[in-house]
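# Reading the structure
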Amino acid sequence: MTQDELFKVLVAHCKEYGFIFPSSEIYDGLAAVYDYGQMGVQLKNNIKTYWWEAMTRLNENIVGIDSCIFMHPKTWVASGHVAAFNDPLIDNKDSKKRYRADVLIEDYLLKIEEKINKEVAKGRKRFGEAFDEEQFRATNPNVLREKAKYDEVHNRYVEAENKNDLAEYKQIILDCGIVCPISGTANWTDVRQFNLMFSTSLSNTGANDDKIYLRPETAQGIFVEYLNVQKTGRMKIPFGIAQIGKAFRNEIVARQFIFRMREFEQMEMEFFCKPGTEMEWFRKWKENRMKWHVNLGMGAENYRFHDHEKLAHYANAATDIEFNFPFGFKELEGIHSRTDFDLGNHQKLSGKKIQYFDPETGESYVPYCVETSIGVDRMCLAVLSHAYTVEQLEGGDSRVVMKIPAPLAPIKVAVLPLVKKDGLPEIAQKVVDELKYDFSYQYDEKDSIGKRYRRQDAIGTPFCVTIDHETVNDGCVTVRDRDTMTQERVKIEDLRALIDKKVSLNNLLRNL
Ligand code: ATP
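### Considering the overall build of the protein chain
The secondary structure content of the protein chain amounts to 18 helices and 23 strands. Its C-alpha atoms give the protein chain a radius of gyration of 26 Å, within 12% of the compact-globule value 24 Å for 512 residues. Principal-axis analysis of the C-alpha atoms gives the protein chain an extent of 75 × 65 × 55 Å. The burial tally for the protein chain puts 49% of its 512 residues in the buried class. Long-range pairs, those at least 24 residues apart, make up 65% of the contacts in the protein chain with a sequence separation of at least 6.

### A short note on the environment of Phe329
Within the secondary structure layout, Phe329 lies in strand β13 (residues 328–337). Note on Phe329: relative accessible area 23%, which makes it partly exposed. Each C-alpha atom, one on Phe329 and one on Leu166, is 26 Å from the other, the two residues being 163 residues apart in sequence. Not counting chain neighbours up to four residues away, the residues in contact with Phe329 comprise Glu301, Asn302, Tyr303, Arg304, Glu322, Phe323 and Asn324.

### Considerations on the packing of aromatic side chains
For the structure on display, the rule yields 20 aromatic pairs. Geometrically, the ring pair formed by Phe7 and Phe257 is edge-to-face, given 6.3 Å between the ring centres and 80° between the ring planes. Linking Phe7 in helix α1 (residues 3–16) with Phe257 in the loop between β9 (239–248) and β10 (263–273), this pair joins segments that are 250 residues apart in sequence. This pair shows no difference in class: Phe7 is buried, exactly as Phe257 is. Judged by centre distance (5.1 Å) and plane angle (85°), the rings of Tyr34 and Phe257 are edge-to-face. You can see Tyr34 sitting in strand β2 (residues 34–36) and its partner Phe257 sitting in the loop between β9 and β10, a full 223 residues away along the chain. Under the relative-accessibility criterion, Tyr34 is labelled partly exposed at 23%.

### Considering the site of the ligand
As a structural note, the neighbourhood of the ligand is formed by 16 residues, with Glu251, Arg260, Met261, Glu331 and Leu332 the closest of them. Within the side chain of Arg249, an N or O atom sits 2.9 Å from an oxygen atom of the ligand. A distance of 2.8 Å is found between a nitrogen atom of the ligand and a side-chain nitrogen or oxygen belonging to Glu251. The protein chains hide 84% of the 600 Å² of surface that the ligand would expose on its own. Counting residues per element, the ones that place at least two in the shell around the ligand are β10, β13 and β16 (368–375). Top element by residues in the shell around the ligand is β13. It accounts for 5 residues.

Cut-offs and rules
- Residues numbered from 1 in each chain as written.
- Predicted model: local features only at pLDDT ≥ 70, side-chain atom pairs only at ≥ 80, totals over all residues.
- Heavy atoms only, no water.
- Helix = DSSP H or I, 4+ residues; strand = E, 2+ residues; numbered from the N terminus.
- Rg over C-alpha atoms; globule rule 2.2 N^0.38 Å.
- Buried < 20%, exposed > 50% of the residue type's maximum accessible area, 1.4 Å probe, protein only.
- Contact = heavy atoms within 4.5 Å.
- Phe/Tyr/Trp six-rings, centres within 6.5 Å; stacked < 30°, edge-to-face > 60°.
- Near = heavy atom within 4 Å.
- Polar contact = N/O pair within 3.5 Å; in protein donor to acceptor, adjacent residues only side chain to side chain.
- Areas by Shrake-Rupley, 256 points an atom, 1.4 Å probe, with all protein chains shown as cover.

Spelled out as structure tokens, the structure:
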């Protein structure tokens, strides 16, 4: 199966098992808007809890808030979103489809990278043990030719991005022979800028000065509450404010399922520090956030940093944590050193003094800020795409199992009486009563035990507990492990501790 096909199968699986549905599907859906179903919402909540507790419980100097989606319109002038939150767009005149010019070029560059990687893989196969990748990359004519092409386009692209040169974007697209995937032609319009913020009106008059925006990021809610939190919480620099909430962007290239949505959720933390110390904190947060990811056990090799070459005008350092999605390594989280840009601008526009008085040195200053920002939905996609596994079983059978990190699994334990009679459902109910205060569970007595195991595998339940006729005599149940499919007999009173060991979010936090 190609990665593309695999991705389609994953999307279908997410729908079939109640993780994610296209929004308003009975009306044929709404592009790039998705609803979370009965399984998806639990996965999402677990991810949010893992982040929230890691931020606010494990760091004494980080507190959380919950600010509103609607904010005073001046907020978005101060943040720069009114003037500069734009995407460069290009239309294909034949298919009438609209694309982001930068994404077209990046996809083209990715294809060259893939070609190079294929050459390297061929070399590795040919030379076996003796293969020296560095030397191969430096000497193989095919690799060198593709690398030269890559460098030329990449340099032009970075320069066009830095200068915001829309004509050059178009020229690169034409020079590279990039065509519309639908029409197959290079009949392109000029590149134009398009603001990504959704707007609405506060009152019903529709007058222009009533216009307010749906926040495109949660961070600004933190900045405008900086003073309140600092004062009422008696916070001393350095300290952080964390928030989880919805954000909205009128994304043009809305594709790749929940990777790029128009309504999505962010988990952002702004860490305020003394000017001059921000690089130290930037490094610490890079390390800290990577640890949070790797701690989930989805393979350290599936993450990498991508340091930004082009920095936004307000940033003095920025990096992305990229994850190996089915469509390649892409941004999962951004870490930015934002200087005093946001607080400084809010100070200017509001006329309120937003300064920190350092009681030890007697200095006053506008704090600098390091931000960590991750999309909840992208995190869900990372988990779901990594979890989806098809396994061949003995006897020619196969199973689909979602190997979701156990503490994030929507359902932690399934309770299954072998048959619907002989007092087994009654014992199963007792088991449920024993477990329900600690774990999310499903009770299932329908169909054969094999079918029930498959249903639990498909939603990623780490443990299945089966109550059989022996249970009546010995008070033991069979516990089946999702990943290894091994089974062990366990006393009912020992169940809780056994399950907890593997699914406990607190244990996960303890390892950080
Ligand atoms: P991209 O380059 O992919 O558009 P970005 O650099 O604009 O992302 P940020 O503004 O840094 O993203 O937002 C922080 C995080 O919010 C991203 O790392 C991502 O996880 C998430 N995010 C941003 N836009 C979307 C979206 N449209 N849908 C889902 N998640 C998003």
